[in-house]
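Okay, here's what each chain looks like letter by letter:
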Amino acid sequence: ISAQPAPAIGGLTHPAPAHPAPQPAAPSRAPAMPMPGEIRSPSREMSRQRDASAHAAHRLALATLVDRVAEMIDLDVLRAGTPADDALTNRIERAIREQSVSLKEDGEIPTGIDQDALARDAHRELLGLGPLGPLLDDEDVSEIHASQGAISVVRAGQGIVIEPPFSSEESMHRAIARLATQNGHPLEANETVVERTLPRNARLTAILSPTAVSGHVLTIRKRRRPEAGSEDLVRSGTVSRAMWTFLSQCIGAKLDVV
């Protein structure tokens, strides 16, 4: 085998290598790390799916239970927000107990649903404010947003979805009528835009069907309690007593303060 003459470089002749020099292997590329929003935990996803399935089953069972009670008892008297008298309250409570047992025996309450919790939620819808009651009593909740199919709140600055929501638009209508009655101004027959000041300086705004084309919606905003009074501010050193006295006089005189 005759080697071909190597090309001259800089006047020198270099023999051509018999075999090409091995090239260094390309560095292997590490797999791209997923973006934070793309990370998926299988166990967390399965847990989320189980929770969603349980919530859906509870919603369906609650709607069925409330409908069964409504078939047994005429609830039209409650539509205007009028509190139920003792006789009607006893009838509703007895119907809730009976029908929750009947649903369980008929297999219409899936395994895993708390029958006592189901009866409690039905009692709240039929005789109280539904899911709004505990939220109004929660001091950490500053806003409530509700429709027939969803409820969300702002609690301690964080948005949270509440389960279960109202089981029907009729149940939500009863709750809005009861809230309006708390103000001393019952819901009027043709009133579809409702604005009321509730106890503890909460503010209710609700839009009812047919003005709300997708169903009733409501918002409740609760005024936060002051975290500190004047003496607390002076005691903590936030302001001096002389400065607080001066500001108090300005406020009393309705002066603009810059």
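(A) Looking closely at helix α1 (residues 42-72). Taking 1.5 Å as the rise per residue, α1 with 31 residues should run 45 Å; its terminal C-alpha atoms sit 46 Å apart, in good agreement. Buried-residue contacts for α1 involve α2 (86-105), α3 (115-127) and α5 (169-182).

(B) View of the sheet that holds strand β4 (residues 150-155). If you trace the six strands from one edge of the open sheet to the other, you get β5-β4-β3-β8-β7-β6, paired in antiparallel fashion. Lying at the two open borders of the sheet, with one neighbouring strand each, are β5 (158-162) and β6 (193-198). Strand after strand, the sheet turns through a mean of 15° between neighbouring axes, direction not considered. Pairing analysis gives six bridges linking strand β7 (residues 202-207) to strand β8 (residues 217-222), with the strands arranged antiparallel. Within β8, the position partnered with A202 by the bridge is K222. Contacts from α5 reach β3 (141-147), β6, β7 and β8, with the element oriented near 40° to β8.

(C) Structural view of the side chain of E191. Its place among the elements puts E191 in the loop between α5 and β6. In this structure E191 comes out as buried when scored by relative accessible area, which is 17%. Polar contacts involving the side chain of E191 include one to the main-chain amide nitrogen of E188, which spans 3.1 Å. Looking at E191, its side chain comes within polar contact range of the side chain of R196, at 3.0 Å. Sequence-distant contacts of E191, that is, excluding residues within four places in its chain, are made with P186, R196 and L208.

(D) Representation of unusual backbone geometry within the structure. Looking along the chain, the bond that leaves E163 and enters P164 is cis, with omega of -10°. Here P164 lies in the loop between β5 and α5. With an omega of 5°, the peptide bond between S209 and P210 qualifies as cis. Topologically, P210 is positioned in the loop between β7 and β8. Not every positive phi belongs to a glycine, and R200 is a case in point at roughly 60°. Positive phi is not limited to glycine here, since K254 has a value of about 55°. Here K254 shows up in the segment after α7 (241-252).

(E) Broad picture of the confidence of the model for the protein chain. For the protein chain, the mean per-residue pLDDT works out to 84, and 82% of the residues sit at or above 70. Predicted confidence is poor over residues 6-18, with pLDDT under 50, and the contacts of this stretch with residues over four places away or in other chains come to seven contacts.

(F) Main features of the packing of α2 against α3. α3 packs onto α2 with a crossing angle of 145° between their chain directions and a minimal axis gap of 10 Å. The interaxial crossing formed by α2 with α3 has right-handed handedness. Here α2 contributes T89, I92, E93, I96, S100, V101 and K104 to the contact with α3, which in turn contributes Q115, A119, A122, H123, L126 and L127.

(G) Quick look at the side chain of T89. Here T89 shows up in helix α2. T89 has contacts with A84 and L127, leaving out every residue within four places of it along the chain.

(H) View of the packing of α1 against α3. Orientation of α1 relative to α3, taken along the N-to-C sense of each, is 55°, at an axis distance of 10 Å. As the angle between them shows, α1 and α3 are arranged oblique. For the pair α1 and α3, the crossing hand works out as right-handed. Two secondary-structure elements touch here, α1 through H58, A61, L62, L65, V66 and V69 and α3 through A117, L118, A119, D121, A122, E125 and L126.

(I) View of α3. Over its 13 residues, α3 runs 18 Å from end to end, which matches the ideal 18 Å to within 8%, given 1.5 Å per residue. Residues of α3 that are buried include every one of A117, L118, A119, D121, A122, E125 and L126, and no others. On the buried face of α3, the contacting elements are α1, α2 and α5. The distance from a side-chain oxygen at the start of α3 to the backbone nitrogen of D116 is 2.9 Å, and the residue carrying that oxygen is D114.

(J) Structural view of the layout of surface pockets. Considering only enclosed or pocket space, the second largest pocket measures out at about 180 Å³ in volume. Lining the second largest pocket, in full, are R79, A80, H173, L187, E188, A189, N190, E191, T192, L208, S209 and H216. The residue makeup of the lining of the second largest pocket, split by class, is four nonpolar, five polar and three charged.

Calculation criteria
Counting of residues starts from 1 at the beginning of each chain's written sequence and follows it residue by residue. Local features in a predicted model are, by the rule used here, given only for residues with pLDDT of at least 70; side-chain atom pairs are given and counted only at 80 or more, and totals for whole chains, interfaces and linings are based on all residues. Calculated side-chain values reflect all of the structure's heavy atoms, with hydrogen atoms and water omitted. Helix and strand definitions follow DSSP, with helices as H or I runs of at least four residues and strands as E runs of at least two, each counted in order from the N terminus. Given a helix with a known number of residues, its expected span is that number minus one, times 1.5 Å. Only heavy atoms matter for contacts: two residues are in contact if any of them lie within 4.5 Å across the pair. Pairing between strands requires that DSSP locate at least two bridges from one strand to the other. Convention adopted: a line fitted to C-alpha atoms gives each axis, helices being fitted over their contacting stretch, and angles between N-to-C directions are expressed from 0 to 180 degrees. Residue exposure (1.4 Å probe, protein chains only): buried if accessible area is under 20% of the type maximum, exposed if over 50%, otherwise partly exposed. As used in this structure description, the phrase polar contact means that two N or O atoms lie within 3.5 Å; if the pair is within protein, one of them must be able to donate a hydrogen and the other to accept it, and residues adjacent in sequence are counted only when both atoms belong to side chains. Each residue carries a pLDDT score, the predictor's confidence in it, ranging from 0 to 100. Take the far helix as your reference; a near helix turned counterclockwise from it by less than a right angle gives a left-handed crossing, and one turned clockwise gives a right-handed crossing. Roughly parallel means an angle under 35 degrees; roughly antiparallel, over 145; roughly perpendicular, 65 to 115; everything else is oblique. Put plainly, a pocket is an open set of points on a 1 Å grid over the protein atoms alone with protein on both sides within 12 Å along at least five of seven lines, a cavity is a set where a 1.4 Å probe fits but cannot get out, and a lining residue has an atom within 4 Å of a point. Grid points are joined across faces, edges and corners, and a volume is the space filled by probe spheres set on the points. For this classification, the nonpolar set comprises Ala, Val, Leu, Ile, Met, Phe, Trp, Tyr, Cys and Pro, the charged set comprises Asp, Glu, Lys and Arg, and every other residue, Gly included, is treated as polar.

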